[in-house]
Amino acid sequence: MSTESTFFDGGCTCRFVRYRMTTRPLFVHCCHCRWCQRETGASFALNALIEADRVQMLQGEVEVINTPSNSGKGQKISRCPKCRIAVWSNYAGAGDAIRFIRVGTLDEPDHLPPDIHIYTASKQPWVSLPPDMPAVAEYYRASEKWPKESLERRAVIMARSQKR
Ligand SMILES: [Zn+2]
Ligand SMILES: [Zn+2]
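A brief report on the enclosed structure follows. Source: prediction; values computed, not measured.

Rules of the game
Residues numbered from 1 in each chain as written. Chains lettered and ligands numbered in written order. Predicted model: local features only at pLDDT ≥ 70, side-chain atom pairs only at ≥ 80, totals over all residues. Heavy atoms only, no water. Pairing = 2+ DSSP bridges. Helix = DSSP H or I, 4+ residues; strand = E, 2+ residues; numbered from the N terminus. Donors = N, O, S within 2.8 Å, 3.2 Å for Na, K, Ca; no water. Tetrahedral: all angles 85-135°; square planar, octahedral: opposite > 155°, others 65-115°. Salt bridge = Lys/Arg side-chain N within 4 Å of Asp/Glu carboxyl O. Buried < 20%, exposed > 50% of the residue type's maximum accessible area, 1.4 Å probe, protein only. Axes fitted to C-alpha atoms, helices over the stretch in contact; angles between N-to-C directions.

Digging into the pairing of strand β7 (residues 75-79)
Of the pairings in the sheet, the one linking strand β6 (residues 63-67) to β7 comprises 5 bridges and is antiparallel in character. Bridge assignment links Glu63 to a residue of β7, and that residue is Arg79. Strand direction decides the pairing type here: β7 and strand β8 (residues 86-91), joined by 5 bridges, are antiparallel. By the bridge assignment, Gln75 is partnered in β8 with Tyr91. Between β7 and the antiparallel strand that follows it, β8, lie 6 residues; Arg84 among them carries a positive phi value of about 70°.

See below:
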């Protein structure tokens, strides 16, 4: 599963928007915060974090909606302009360089299970996590949890954003 030639296609419900993740993501969050619960209408959100330049539009375009967020700094949610399904978000912390792809919009979401559960302080009580699963009450430091390869990829993005 570590081959970089792997790609993952996804899109919205009406199929106007089609996109491709050209590699595996940096990390996958299962977020149990109340904001994600409200935005999904369910119990958690599953987000695959990946560099923006590793996401290709295959078809259509997205409409970016500025939306309030838990941090107070807002998030930009990219939605299909026709059916309004959200395909990814960008948060203030990581900026435009990292997209949080909504794993449920992938054609084969089963390939990207969570690497960590976050904001478990507000996890709905019926959701039980496997005992060996990384989980934090709120957020975490990437330097402590991400695999070495993902940290190296992140360092490339950070170096690039400092040059601007
Ligand atoms: Zn659509
Ligand atoms: Zn959340």
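Quick word on the coordination of the zinc ion (ligand 1)
Protein-derived ligands of the zinc ion (ligand 1) are Cys12 (SG), Cys14 (SG), Cys80 (SG) and Cys83 (SG), with the metal-ligand distances lying across 2.3 Å. For the zinc ion (ligand 1), the 4 donor atoms in the first shell make angles of 106 to 113° at the metal, a pattern classed as tetrahedral. Along the chain, the residues donating to the zinc ion (ligand 1) fall in the pattern C-x1-C-x65-C-x2-C. Taken together, the positions of Cys14 in the loop between β1 (8-11) and β2 (18-21) and Cys80 in the loop between β7 and β8 put the pair 66 residues apart, joining distant regions of the chain.

So, the pattern of salt bridges
Applying the stated rule across the entire model yields 10 salt bridges. Of the charged contacts, one joins Glu51 and Arg153 as a salt bridge, the two residues approaching to 2.7 Å between their closest N and O atoms. Here Arg153 lies in helix α3 (residues 148-163) and Glu51 lies in strand β4 (residues 45-51), a separation of 102 residues in the sequence. For Glu51, a relative accessible area of 5% puts it in the buried group. When its relative accessible area of 8% is taken as the criterion, Arg153 is described as buried.

A closer look at the sheet that holds β2
With antiparallel pairing, 3 strands are arranged side by side in an open sheet as β1-β2-β5. With one partner strand each, in any of the chains shown, β1 and β5 (55-59) form the two edges of the open sheet. With direction set aside, neighbouring strand axes in the sheet form an average angle of 30°. With 4 bridges connecting them, β1 and β2 associate as antiparallel partners. By the bridge assignment, Gly11 is partnered in β2 with Arg18.

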